[in-house]
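# Residue-level structural notes
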Amino acid sequence: MRITFLGATGTVTGSRYLLEKSRGRMLVDCGLFQGTTLAHSKNFEPLGFEPSVLDAVLVTHGHPDHLHPAFLLSRSWTAPTRTLHVWGPPLAIEMCAPWVGPGAAVELHTVAAGQSWPITCAAGEYRVTALPASHAHGDGDVMALEALLFLVEAPTGDRLDRKSTRLNSSHT
C-alpha cells in the first residue's frame, strides 16, 4: 500500500493523504491550508490527484484543516463514472451534506469509533475500521471529541504500518 502526503507537510494544516493499492484509491481528509499567505495560496493549487479516480474519502473530523466540503464540488467538474463514498464522524458528514447536489454521485456515511466496514473498488475489497483519536480541544469543541483514526487493510492484507507502507510526499 502506498501513501502520498498531499498536505500537512511543512505545516500543520491542509491534511490530505492519498492511499493507493493497485487500482484502489482512498483519500484521508481534504483540508484547507491555513495561516500564512503562502499556506493559504496552496488552497488554489490543484488537489494533487484526479478526484474522479477516488473510491472513497475518509474524514477524521470536521475541523477546516482536515475537511473542506467544497472538495465535493470538484467531482462534478470531472464527470465521475462511479459513486464517491465519504465516511466520517456525524458532525463532519453533516457539514458535507449541503455541498452535495441533487443527483450527485456522492454518498455520505456516518461512522463512530469501533465500527468496521468494507469499501469495494476495482482493486478488491478494503476493510476499514474507525478508531478513537485523542485530539486536543477547547471548551465545547465537539468536533475534536468525535475525531477518528482509520485502520485500512488492502485486499492483499497490507495495512498502513511502517513495514508495508512506502511513503511519498508531493509537498515539502
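Our focus in this paragraph is the overall build of the protein chain. Within the protein chain, the regular secondary structure consists of four helices and 10 strands. In the protein chain, the succession of helices and strands from N to C terminus is β-β-β-α-β-α-β-α-β-β-β-α-β-β. Across the protein chain, the fraction of contacts at a sequence separation of at least 24, relative to all contacts at a separation of at least 6, is 57%. In the structure as shown, the protein chain presents an accessible area of about 8800 Å², 57% of it carried by carbon and sulfur atoms.

On to the sheet that holds strand 7 (residues 116–121). The three strands lie next to each other as 7-8-9, forming an open sheet whose pairing is antiparallel. Both outer strands of the open sheet, strand 7 and strand 9 (148–153), are each paired with one neighbouring strand and no more. Neighbour-to-neighbour, the strand axes of the sheet open up by a mean angle of 30 degrees, direction not taken into account. Across six bridges, the pairing between strand 7 and strand 8 (residues 124–132) is antiparallel. Residue pairing in the sheet places Ile119 in a bridge with Tyr126 of strand 8.

This next bit is on the confidence of the model for the protein chain. On average, residues of the protein chain score 76 in pLDDT, and 74% of them reach the 70 mark or higher. For the protein chain, the element scoring lowest by mean pLDDT is strand 10 (residues 166–169), at 41; strand 6 (residues 106–110) scores highest, at 92.

The rules behind these values
Residues numbered from 1 in each chain as written. Predicted model: local features only at pLDDT ≥ 70, side-chain atom pairs only at ≥ 80, totals over all residues. Heavy atoms only, no water. Helix = DSSP H or I, 4+ residues; strand = E, 2+ residues; numbered from the N terminus. Contact = heavy atoms within 4.5 Å. Areas by Shrake-Rupley, 256 points an atom, 1.4 Å probe, with all protein chains shown as cover. Pairing = 2+ DSSP bridges. Axes fitted to C-alpha atoms, helices over the stretch in contact; angles between N-to-C directions. pLDDT = per-residue confidence, 0-100.

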